[in-house]
Amino acid sequence: MHQRIPWSLRFRFFAALGGLLLCAMAALAAISAWVIFPALQAEERATVKRELDRVERSFQLDQQQLHAQVRDWAHWDDTYKFVQGEYSRYADVNFSQEMFEDMRYQLMAFFTSNEDIYFLAGINPKTGIYQTCRTPINDCSWMSPWVNNMRAAIAENSTDQNSIYAGPPTAMMASSPILRTDKSGVSTGWLFKTRSLDAEWLAFMEVYTGLPLTLNLSHEAAPINDTFSFSGNTVYAERYFPAYGSINHLSLGVGIELNRTNYLTSLTTFRYVLLWTAGLMIMVIALVLLLLEKIVLKPLRLLTQFTQQISTVGADTHGLTKRNDEIGLLSRAFQEQFTCQQQLNAELLKLSTHDALTGLPNRRLFDQRLDVAFSEATATSAPLAVMMLDIDHFKLYNDHYGHQRGDECLQQVASAFNSVSTRFGFLIARTGGEEFSVILPEASPSSAKDVGEHLMLAIDHLQLPHATSPVKPFVTVSVGIAMLQDCQSQTPSAVMSSADQALYLAKAAGRHQVVLFEPSLASRSVSAHNKLL
Ligand SMILES: Nc1nc2c(ncn2[C@@H]2O[C@H](COP(=O)(O)OP(=O)(O)OP(=O)(O)O)[C@@H](O)[C@H]2O)c(=O)[nH]1
């Protein structure tokens, strides 16, 4: 039967492996939260930053190109002459709506060295029509904010640079002092060019960078770090550049929106890896538990069954002792120990129930058997006879031949008794020094007497010399028999007592004879006893 053990090996292994699984899961979760996910996010940010760097480089390239173009124009003798008033057809020859559109110029402004406006040309952002003016008024008033900004730049003596003009409209602005082509002499003024950062410019940049851009004018100083905002499948990132306008600390954010495909793919892949790892671990642990159950726990249970049942079933029904492993070793060791213990038990039992000198059953076993025989006889009203046998004048034998020979004599007598008892199938025990007792279930008085005679004759046939015996020159025995129904009180000891009385009568009558107890002989036996004493 399967026995419930609260702290069984199975439970301990299950708890240990379960704990191990939980720890591994916790470690995986911790690694995911603190290492993998941050690494994936950092990788995504780095990718976005690389895209922003590309956008910034394109933006700066456009600014540098504008600045280079301004310098080309400003370091040209024709421009020099134009501002000197020596080349009146300069504007007609060089400027046109197509040129401004092709070059993506919004405004070109020529200033004299006195910081006065000399000439303005540009495309009106509202009408899209090319205009030229001497002052930014009336139709050219749209140029006024830019012109003011250019004046400020001249005043600050920062006229060879490119910058972002906050607007409106927002634009990049480049300037250069006007010099001769060979750069000889002093500057005769300044040339400014602006390029609007409008929808057209954004479309141009999208073609150039491959990314849709957005512009965001901020009334705060440009932050040092890029800003990121993540939503669902997209990430929006912005990089800010300083811008100049009517108020200080303006900045222009150039933003890009990117798909988070790579990040989300990596995330999905990593989640699959996590899931598979966890699943694999659970499978491995289940497999380990299964193997443990099959290889260790089940054989252990069988071994327990084997140890519990070996005394009753006896056989090794599961073939445990034939195994070539530790279970086999244990089973064989246990089996050997059990066999050894059984032998010891048998020996102990024999020692406690048999006489050491003669090997016959002793008084203890005799009493047990007598109780059983008595119970059966009284329960079934069957006859029961008991017999007591005593070697005649054994004291004289000992005195004459010595104690050692006396022992040998006892052994020979016992052996002869044993042969008869085996032949007739009854129990004979050594119940005293030179005294023996017999139980004869279901024996009639005459058959009991026959058995007594057989036993007495068996000793006679031994012809063991007994030189000092007054009875015969050889060892003889006297026999007293009692029948259960002839006893006054119906107890085992009463029957034995009657047999004893019969034995005394046999002794008193000259020994070497069989006497059957009869109630009428009871008083005679007492006097016989007294006489013998
Ligand atoms: N050698 C030997 N002698 C024993 C042993 N047990 C008892 N005896 C002796 O047996 C003798 C019994 O003597 P008694 O009881 O006087 O009886 P008896 O001499 O046989 O005389 P009756 O029984 O009257 O014929 C004693 O001398 C005991 O020492 C034993 O195990 N070995």
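On a predicted model such as this, the values are computed, not experimentally measured, just so you know.

Asker: Would you mind showing me how to read a negative patch on the surface here?
Answerer: Together, E98, E101, D102 and E200 make up a negatively charged patch on the protein surface. Mapping D102 onto the fold places it in helix α4 (residues 97–103). For D102, a relative accessible area of 62% corresponds to the exposed category.

Asker: Help me out: how do you make sense of helix α12 (residues 445–462) in this one?
Answerer: Since the α-helix turns once every 3.6 residues, residues separated by three or four places project in the same direction. In this model, α12 (18 residues) spans 26 Å end to end at C-alpha, consistent with the 26 Å of a helix rising 1.5 Å per residue. Taken residue by residue, α12 has A448, V451, G452, L455, M456, A458, I459 and D460 as its buried positions. On the buried face of α12, the contacting elements are β11 (384–391), α11 (403–424), β12 (427–430), β13 (435–441), β14 (477–483) and β15 (514–516). Q463 sits one or two residues past α12 and shows a positive phi near 55 degrees.

Asker: What should I look at first to understand the state of the cysteines in this one?
Answerer: Linking two cysteines covalently through their sulfur atoms gives a disulfide. The tally for this structure, following the rule as stated, stands at 1 disulfide. With its sulfur 1.4 Å from that of its partner, C133 forms a disulfide with C140. Accessibility classification places C133 together with C140 in one group, the buried group.

Asker: So what exactly am I meant to see when it comes to the site of the ligand here?
Answerer: Residues in close proximity to the ligand total 16 residues, the closest being H393, F394, K395, N398 and D407. Within the backbone of H403, one N or O atom sits 3.1 Å away from a nitrogen atom of the ligand. Note that a nitrogen atom of the ligand is positioned 2.7 Å from one of the side-chain N or O atoms of D407. Starting from 660 Å² of accessible surface for the ligand in isolation, the protein chains cover 67%. Mapped onto the shell around the ligand, the elements with two or more residues apiece are β11, α10 (394–401) and α11. For the shell around the ligand, the leading source of residues is α11, giving 4 residues. Here the shell around the ligand is composed, by residue class, of 3 nonpolar, 5 polar and 8 charged.

What counts, and at which threshold
Residues numbered from 1 in each chain as written. Predicted model: local features only at pLDDT ≥ 70, side-chain atom pairs only at ≥ 80, totals over all residues. Heavy atoms only, no water. Patch = residues over 30% accessible without salt bridge, like charges linked within 9 Å, V, L, I, M, F, W, Y side chains within 5 Å. Areas by Shrake-Rupley, 256 points an atom, 1.4 Å probe, with all protein chains shown as cover. Salt bridge = Lys/Arg side-chain N within 4 Å of Asp/Glu carboxyl O. Lys, Arg positive; Asp, Glu negative; His and termini not counted. Charge placed at Lys NZ, Arg CZ, Asp CG, Glu CD. Helix = DSSP H or I, 4+ residues; strand = E, 2+ residues; numbered from the N terminus. Buried < 20%, exposed > 50% of the residue type's maximum accessible area, 1.4 Å probe, protein only. Expected span 1.5 Å × (residues − 1). Contact = heavy atoms within 4.5 Å. Disulfide = S-S within 2.5 Å. Near = heavy atom within 4 Å. Polar contact = N/O pair within 3.5 Å; in protein donor to acceptor, adjacent residues only side chain to side chain. Nonpolar A, V, L, I, M, F, W, Y, C, P; charged D, E, K, R; others polar.

These results come straight from atomic positions and should not be treated as a statement about function.
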